[in-house]
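A structural walkthrough
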Number of protein chains: 2
Amino acid sequence: MLNQIDQVRRFNRIVSQRAGTLDQSYLGQGRPLGEARLLFEVGHDGGNARELRDRLGLDSGYLSRLLRALESQGMIVVTPSQADRRVRDIRLTQAGTAQVETYDRLSDDLASSILAPLDERQKAKLVEAMAQVERLYRAAAVTVSAESPATADARACVDLYIRELNQRFDTGYDPDTAGPLDDSEFLPPDGVFVVARLDGKAIGCGGLKRLDFQTGEIKRLWVSPEARGLGLGRRLLNELEALARQRGMAKVCLDTSGTLTEAQALYHAQGYVEVAPYNDNPYAQHWFEKRL
Amino acid sequence: MLNQIDQVRRFNRIVSQRAGTLDQSYLGQGRPLGEARLLFEVGHDGGNARELRDRLGLDSGYLSRLLRALESQGMIVVTPSQADRRVRDIRLTQAGTAQVETYDRLSDDLASSILAPLDERQKAKLVEAMAQVERLYRAAAVTVSAESPATADARACVDLYIRELNQRFDTGYDPDTAGPLDDSEFLPPDGVFVVARLDGKAIGCGGLKRLDFQTGEIKRLWVSPEARGLGLGRRLLNELEALARQRGMAKVCLDTSGTLTEAQALYHAQGYVEVAPYNDNPYAQHWFEKRL
DNA sequence: GGAATTCTCTGACTAAAGTCAGATAATGTT
DNA sequence: AACATTATCTGACTTTAGTCAGAGAATTCC
């Protein structure tokens, strides 16, 4: 454990030395870092002043001044938005586009310069390790929180869950057939609903309801396709099991379709064992149970 | 290639976001980042004002003021050096040591917080990927340059090379037996000597001398134990081969002992084939050759 | 239609970070 | 001993980055 922490610290140190070089290459363009960062952001994800303020976490006064500076340099054009004339739309000029391209080239050069001294095998290894770090950083940045199944995010997740089942099942999927859609069963104190988020965006969910005094059932376990491979399914499952334990349940059960093979693999890996059908869900071909 | 660069850029972006958090945790201690960084540096690698100025790349006036600030906070004691009373020795006070420990704890906490949301397998994977990135960053930071075999660094490398052979050979190793130690054969235009450095420190070397019009011989190929696993042997070998090509040589050869199995593996992997003895070096059991 | 809210802008600040030109004292060089 | 060099310090300065308190216009809410 201590060794792991040391490794993380060493990693942070070395990598931010390199990242420092990147900042310097921005500075080298004769423009303060704050301006360069803003210009870069406008160039890549665009948007209006409010969005930029949120994304970069800037004070509105400060942002206003930065915009004025970039405008007077002829990098951007700021105009009141059509839809809401309080907000300002920001657009790159030709010169601004050229400048952003220069920054891009600098970033590319820096990336190349890291790779350049390595042979092909080492390059491939480094890039793979970077991808791994990135993936796991993303996994670590996911938050899971209990909330009402009626929140906008929770509803959105369940909608996507239903849409996906409808696509994957040969017969389609009608949630009412599987049992009436009743949010209240996922409400405390007996039930609970959890939503996973990455950078504020909902990317997964899961619900726990009480079947009887000692049994909970897990339903609506779903992970957004873009977030798969982060171990999030396992994490949601563990979270729901912990919540079941808190509610004094001695076991949890769940059902699943034969089509969802990756889900079955997850349940097996997490210690679930297949049991006889405990309900008559027409979409279910497998029933699982785990003692807590 | 383009994908690799994109991956490197994505990696830099994500990782420096995290590194930003680290800076913030420094700032959270009610001390400006510059002071905190200096204190941290004094605490870990110590040294006098000049060394710190070099390491952190600070202006001497700026450093002086930072030192004065830390001194007045009771974190450090600044005294004229015994050896040269122009330079200032810097020492942590008890309070300074305590403060550095606090920073250490904060860094540990940050590292833990990155790992915390992950399960054991993910933690292990992340740490392994970080170690890989670190290792390859180090490999990429190595420079190889041709220079006289008489420079201090070159001599130091050859000394360590000889000492190592002396340890690893059952019979010991006396460089004079293997052929007279004659630096001049590694001098241009016929020969060349290269030294590898990491962060200014010599960590490897290799020499090329001319045997006849079309043949070069590679000798004194050595990589410091601390730098092994970075692919440096291969890189030095390639570098020397390129220099041989520049000199119009059609092939290079080399000899090695049976004890140095990892060296033999390297030669095989780099396209060298074993040939009949071309000299009577008593320490050699294998002779290799490669067409260029 | 009036009040509350939202978005942006301006003026007036501050702290941090760093630069530059000497001044001073110690050390090297010849 | 004279001169050059080095290490540090001080004063005076600038730039960058950011904060805060309103003001004004547009929009939303009731």
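Looking up chain A in an unreviewed UniProt entry gives the name Acetyltransferase GNAT family protein, with the organism given as Asticcacaulis biprosthecium C19.

Describing the domain arrangement of chain A
Split into domains, chain A comes out as domain 1 (2-117) and domain 2 (143-291). A separation of 40 Å is found between the C-alpha centroids of domain 1 of chain A and domain 2 of chain A.

Some details on the protein's contact with DNA strand D
Neighbouring residues of DNA strand D: 20 residues in total, closest Tyr62 and Arg85 of chain A together with Arg50, Arg65 and Arg68 of chain B. Backbone sugar and phosphate groups make up 70% of those atoms of DNA strand D lying within 4 Å of the protein. Within the side chain of arginine 68 of chain B, one N or O atom sits 2.6 Å away from a phosphate oxygen of DNA strand D. Arginine 86 of chain B places a side-chain nitrogen or oxygen 3.0 Å from a base oxygen of DNA strand D. For the surface near DNA strand D, the elements supplying multiple residues, two or more each, are α2 (33-45) and α4 (60-72) of chain A together with α3 (49-56) and α4 (60-72) of chain B. When its residues are assigned to classes, the surface near DNA strand D shows five nonpolar, four polar and 11 charged.

Focus: the packing of aromatic side chains
Residues and elements named next belong to chain A. Per the stated rule, a full pass over the model turns up 13 aromatic pairs over all chains. Plain terms: the ring middles of phenylalanine 169 and tyrosine 173 are 5.7 Å apart, the flat faces sit at 80° to each other, and that makes the pair edge-to-face. Residue phenylalanine 169 is classed as buried on the basis of its relative accessible area, which comes to 9%. Each residue in the set Phe169, Tyr173 and Tyr283 is aromatic and connected to the rest through ring pairs, giving one cluster.

Observations regarding the sheet that holds strand β5 (residues 201-212) of chain A
All names here are of chain A. Across the sheet, seven strands lie side by side as β3-β4-β5-β6-β7-β9-β8; this open sheet has mixed pairing. This sheet does not close on itself; its edge strands, each paired only once, are β3 (143-146) and β8 (273-275). Along the sheet, successive strands turn relative to each other by an average axial angle of 30°, direction set aside. When β5 meets strand β6 (residues 215-223), the two strands line up antiparallel, connected through seven bridges. Within the sheet, the bridge partner assigned to glycine 207 lies in β6 and is lysine 219.

Some points on the relation of the copies chain B and chain A
Least-squares fitting of chain B to chain A yields an RMSD of 0.4 Å, with the transformation described by 0.0 Å of translation along the axis and a rotation of 180°. Read as a symmetry element, the transformation amounts to a two-fold axis. Identified as the residue of chain B closest to the rotation axis by C-alpha distance is alanine 129 of chain B, at 2.4 Å. A shared interface surface links the copies, since 98% of the contact residues of chain B are contact residues in chain A too.

Here's the deal with the environment of glutamate 226 of chain B
Residue and element names in this part refer to chain B. You can see glutamate 226 is positioned in the loop between β6 (215-223) and α8 (232-246). Note on glutamate 226: relative accessible area 49%, which makes it partly exposed. Note: C-alpha distance between glutamate 226 and isoleucine 203 (23 residues apart in sequence) is 7.9 Å. Discounting chain neighbours no more than four positions away, the residues touching glutamate 226 are Arg138 and Lys201. Here lysine 201 takes part through its side chain, which lies 3.0 Å from a polar atom of the side chain of glutamate 226.

Some points on the interface of chain B and chain A
Residue-level contacts link 51 residues of chain B with 50 residues of chain A. Taking both partners together, chain B and chain A bury about 5000 Å²; carbon and sulfur atoms supply 65% of that area. For the chain B face of the interface with chain A, the top three residues by lost area are Arg9, Met130 and Tyr137 of chain B, together amounting to 13%. Across the chain B-chain A interface, the total number found is 10 salt bridges.

Overview of α4 of chain A
All names here are of chain A. With 13 residues, α4 ought to run about 18 Å at 1.5 Å a step, and its terminal C-alpha atoms sit 18 Å apart, in line with that. Buried within α4 we find Leu63, Leu66, Leu67 and Leu70. Mapping the buried residues of α4 onto a view down its axis gives an arc of 100°, with all of them on the same face. Away from its buried face, by an angle of more than 90 degrees, α4 presents the exposed residues Arg65 and Ser72. Residues of α4 that are buried in the fold lie against α2, α3 (49-56), β1 (76-80) and β2 (88-92). The positive-phi residue at the C-terminal boundary of α4 is glycine 74, with phi of around 75°.

Regarding the sheet that holds strand β7 (residues 251-256) of chain B
All names here are of chain B. Spatially, the seven strands line up as an open sheet ordered β3-β4-β5-β6-β7-β9-β8, and their pairing is mixed. A single partner strand is all that each edge strand has here, and the edge strands are β3 (143-146) and β8 (273-275). Mean inter-strand twist for the sheet, computed between neighbouring axes without regard to direction, equals 30°. Bridge analysis of β7 against strand β9 (residues 286-291) gives six bridges, and the strand direction is antiparallel.

Looking at a positive patch on the surface
Where like charges cluster on the molecular surface, the positive patch consists of Arg135 and Arg138 of chain A together with Arg121 and Lys125 of chain B. Of all the secondary-structure elements, those providing two or more residues to the positive patch are α6 (120-141) of chain A together with α6 (120-141) of chain B. Assignment of secondary structure puts arginine 121 of chain B in helix α6.

Some points on the packing of α2 of chain A against helix α5 (residues 94-115) of chain A
Residue and element names in this part refer to chain A. Packing of α2 against α5 leaves a shortest axis separation of 9 Å and a crossing angle of 100°. Here α2 lies roughly perpendicular to α5, going by the angle between them. Here α2 contributes Ala36, Leu39, Phe40, Gly43 and His44 to the contact with α5, which in turn contributes Gln99, Val100, Tyr103 and Asp104. Of the residues in the contact of α2 with α5, the class split is five nonpolar, three polar and one charged.

A closer look at the protein's contact with DNA strand C
As a structural note, the neighbourhood of DNA strand C is formed by 20 residues, with Arg50, Arg65, Arg68 and Arg86 of chain A together with Tyr62 of chain B the closest of them. Counting only the atoms of DNA strand C that lie within 4 Å of the protein, the sugar and phosphate share comes to 69%. Measuring from a base nitrogen of DNA strand C, one finds a side-chain N or O atom of serine 60 of chain A at 3.4 Å. Glycine 34 of chain B places a polar main-chain atom, nitrogen or oxygen, 3.3 Å from a phosphate oxygen of DNA strand C. Of all the secondary structure elements, the ones that give two or more residues to the surface near DNA strand C are α3 and α4 of chain A together with α2 (33-45) and α4 of chain B. In terms of residue count, α4 of chain A provides more of the surface near DNA strand C than any other element does, five residues in total. Partitioned by chemical class, the residues of the surface near DNA strand C number five nonpolar, four polar and 11 charged.

Conventions adopted
- Residues numbered from 1 in each chain as written.
- Chains lettered and ligands numbered in written order.
- Predicted model: local features only at pLDDT ≥ 70, side-chain atom pairs only at ≥ 80, totals over all residues.
- Heavy atoms only, no water.
- Domains from an automatic or database assignment.
- Near = heavy atom within 4 Å.
- Polar contact = N/O pair within 3.5 Å; in protein donor to acceptor, adjacent residues only side chain to side chain.
- Helix = DSSP H or I, 4+ residues; strand = E, 2+ residues; numbered from the N terminus.
- Nonpolar A, V, L, I, M, F, W, Y, C, P; charged D, E, K, R; others polar.
- Phe/Tyr/Trp six-rings, centres within 6.5 Å; stacked < 30°, edge-to-face > 60°.
- Buried < 20%, exposed > 50% of the residue type's maximum accessible area, 1.4 Å probe, protein only.
- Pairing = 2+ DSSP bridges.
- Axes fitted to C-alpha atoms, helices over the stretch in contact; angles between N-to-C directions.
- Least-squares fit on C-alpha atoms with pLDDT ≥ 70 in both.
- Contact = heavy atoms within 4.5 Å.
- Buried area = accessible area lost by both parts, 1.4 Å probe.
- Salt bridge = Lys/Arg side-chain N within 4 Å of Asp/Glu carboxyl O.
- Expected span 1.5 Å × (residues − 1).
- Arc of directions from axis to C-beta.
- Patch = residues over 30% accessible without salt bridge, like charges linked within 9 Å, V, L, I, M, F, W, Y side chains within 5 Å.
- Areas by Shrake-Rupley, 256 points an atom, 1.4 Å probe, with all protein chains shown as cover.
- Lys, Arg positive; Asp, Glu negative; His and termini not counted.
- Charge placed at Lys NZ, Arg CZ, Asp CG, Glu CD.
- Parallel < 35°, antiparallel > 145°, perpendicular 65-115°, else oblique.

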